[in-house]
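Chain by chain, the residues:
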Amino acid sequence: MPVSPTPEFQPEFPYRIAFDAACAIVDAVAGERRLGTQPLALSRAHGHVLAQDVVASMPQPPFDNSAMDGFALRHADLVDGETTLRLVGEQFAGPAGGLAVEAGECLRITTGAPLPPGADTVVMKENVSIEGERIRVRIAPRPGQHVRRAGEDTRAGDRLLCAGDVLSPSRIALAASQGLAQLEVARRPTVAVFATGDELVEPGMALQPGQIYNSNREQLMGLLRAEGLEPVAFPTLPDDPARITSALRHAGEAFDLVVTCGGVSAGEKDHLPALLQARGRVRLWKVMMKPGMPVLLAEGDTLGPALFLCLPGNPVSVLATWLALGRRLVDGMQGRGPRPARRARLAAAWTKNHERLEFLRGRWTLDADGISRVEPNPADGSHRMQAAADSDVLIVLEAGARDYAEGDVVGIVPY
Ligand SMILES: Nc1nc2c(c(=O)[nH]1)N[C@H]1C(S)=C(S)[C@@H](COP(=O)(O)OP(=O)(O)OC[C@H]3O[C@@H](n4cnc5c(N)ncnc54)[C@H](O)[C@@H]3O)O[C@H]1N2
Ligand code: MOO
């Protein structure tokens, strides 16, 4: 039988490891499990991870054009005071009409219209009086004013987007401006979600004494969907090794990633560690973090090609381990670039009563000076769902540190 964790337990896989070591393992596993790429129409690309650099094939703007509705003119024609110019035609946004501006002339022009040859400046409509075939420039523009130069935004050959970028609306717009109809993106992992535990009852059903509602499943589904994934939830598994093995084997064959919650610690009914030691290949078990210490990551091996990420059952542990490690895993599988580190000042002093790295819940606010602050929630137990719901960030309290003063800068992980 697979070993259970006793003081003598010395497994061949990383066990009870520092958070940084866990991150390195997660990164390595994700690198080994990099997903393929697929071309995706721009209309479907939002939120996907770009798998190719995008290089400009043309300048942006592609031609000199007007930034205002008004009149295109030659700045050298303007005299001190008011200048009268002959209006010789019009150039609207759209195909270039082939008209040029000669000395003493101007053309009516609209925003985005190509600047006609000869013109170098645009005067806005509001600063001009129109008198039949002539205009009187009442307020003179500066030389080159209201002209958007070809290539002033980007030049042909510039790298516009990098592999690993997440496709935001602005980035998709940039690709569209180059005429690209589709982009090569990382395939997203398919994910199966299981809750385990004999005590669990689905919301909407009646509770018997000793039972609780399954709150983790919808939490996990939401966390996964927030990453653009389309997780599939399976019926809750009882604490029965044969049933768990059967269900995980089916999911292990069909999905890239199987996420479970519960049954991963040291109790008599915590079957997942033994099962994954016997049937899979454990890559890490137990990370020196609070909450979420019992988290386990394994390759499926005889359970199928999927990765298995087993999160501890406490609801706040699910939140913390998903955000700190699970999300990192799916980011890495898609080749996503690192997420920006965010920081805030503690709005209140905090003392940690242990040496472990802690992901404490807190509320992110701005103080009267607009400085980012975070208010720690004192209900720090991993079962304290109200505190998690009242909060919107995890506050990163470093390993080794104990006493934090009000105003100390801490890392935060928004959720
Ligand atoms: N002797 C030890 N006991 C425990 C350890 C340990 O190292 N040695 N670790 C503790 C820590 S830390 C955590 S976290 C929990 C994690 O245990 P499991 O992953 O085995 O989770 P369960 O025991 O199945 O459940 C823990 C807790 O969460 C509730 N739960 C489970 N699933 C759900 C769900 N879907 N929705 C809502 N709530 C759920 C469950 O009823 C338990 O109360 O172990 C500690 N013990
Ligand atoms: O570390 Mo466990 O995840 O707190 O209760």
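Residues numbered from 1 in each chain as written. Chains lettered and ligands numbered in written order. Predicted model: local features only at pLDDT ≥ 70, side-chain atom pairs only at ≥ 80, totals over all residues. Heavy atoms only, no water.

### Comments concerning the pairing of strand β22 (residues 307–311)
Move 1: Among the five residues of β22, five are classified as buried, and the element is accordingly described as predominantly covered.
Move 2: In β22, alternate side chains face the same way, and those of L307, L309 and L311 on one face and F308 and C310 on the other are all buried.
Move 3: Sheet analysis places strand β18 (residues 257–261) next to β22, joined by five bridges and oriented parallel. Paired with T260 across the strands is C310, a residue of β22.
Move 4: Here strand β21 (residues 296–299) runs beside β22; their pairing, made up of four bridges, is antiparallel. Along β22, the bridge assignment pairs L296 with C310. (Buried < 20%, exposed > 50% of the residue type's maximum accessible area, 1.4 Å probe, protein only. Helix = DSSP H or I, 4+ residues; strand = E, 2+ residues; numbered from the N terminus. Pairing = 2+ DSSP bridges.)

### Quick look at the site of ligand 1
Move 1: Around ligand 1, 21 residues are found, and the nearest of them are E199, N214, G263, V264 and S265.
Move 2: In this structure, D270 approaches ligand 1 through a side-chain N or O atom, which is 3.1 Å from an oxygen atom.
Move 3: Its free accessible area being 870 Å², ligand 1 has 68% of it covered by the protein chains.
Move 4: Its residues assigned to classes, the shell around ligand 1 comprises nine nonpolar, nine polar and three charged. (Near = heavy atom within 4 Å. Polar contact = N/O pair within 3.5 Å; in protein donor to acceptor, adjacent residues only side chain to side chain. Areas by Shrake-Rupley, 256 points an atom, 1.4 Å probe, with all protein chains shown as cover. Nonpolar A, V, L, I, M, F, W, Y, C, P; charged D, E, K, R; others polar.)

### Description of the domain arrangement of the protein chain
Move 1: Per the domain assignment, the segments making up the protein chain are domain 1 (15–35 + 189–333), domain 2 (38–55 + 162–186), domain 3 (65–148) and domain 4 (342–414).
Move 2: Taken together, the contact pairs 16 residues of domain 1 with 16 residues of domain 4.
Move 3: Overall, the association of domain 1 and domain 4 removes approximately 1,300 Å² of surface from exposure, summing both partners, and the carbon and sulfur fraction of that is 70%.
Move 4: Between the two partners, domain 1 and domain 4, sit one salt bridge.
Move 5: Across the pair K290 and E358 runs a salt bridge, and its minimum N-O distance is 4.0 Å.
Move 6: Viewed at the interface, domain 4 and domain 1 are joined by five residue pairs in polar contact (both at pLDDT 80 or more).
Move 7: Taken together, the residues of the side of domain 1 that touches domain 4 break down into 11 nonpolar, three polar and two charged. (Domains from an automatic or database assignment. Contact = heavy atoms within 4.5 Å. Buried area = accessible area lost by both parts, 1.4 Å probe. Salt bridge = Lys/Arg side-chain N within 4 Å of Asp/Glu carboxyl O.)

### Here's the deal with the UniProt feature "domain: MoaB/Mog" (unreviewed entry) in the protein chain
Move 1: The UniProt record annotates "domain: MoaB/Mog" (unreviewed entry) at residues 192–332.
Move 2: Secondary structure across residues 192–332 divides into 35% helix and 23% strand, with the first and last C-alpha atoms of the span separated by 18 Å. (UniProt positions renumbered as here; feature names shortened; annotations may be inferred.)

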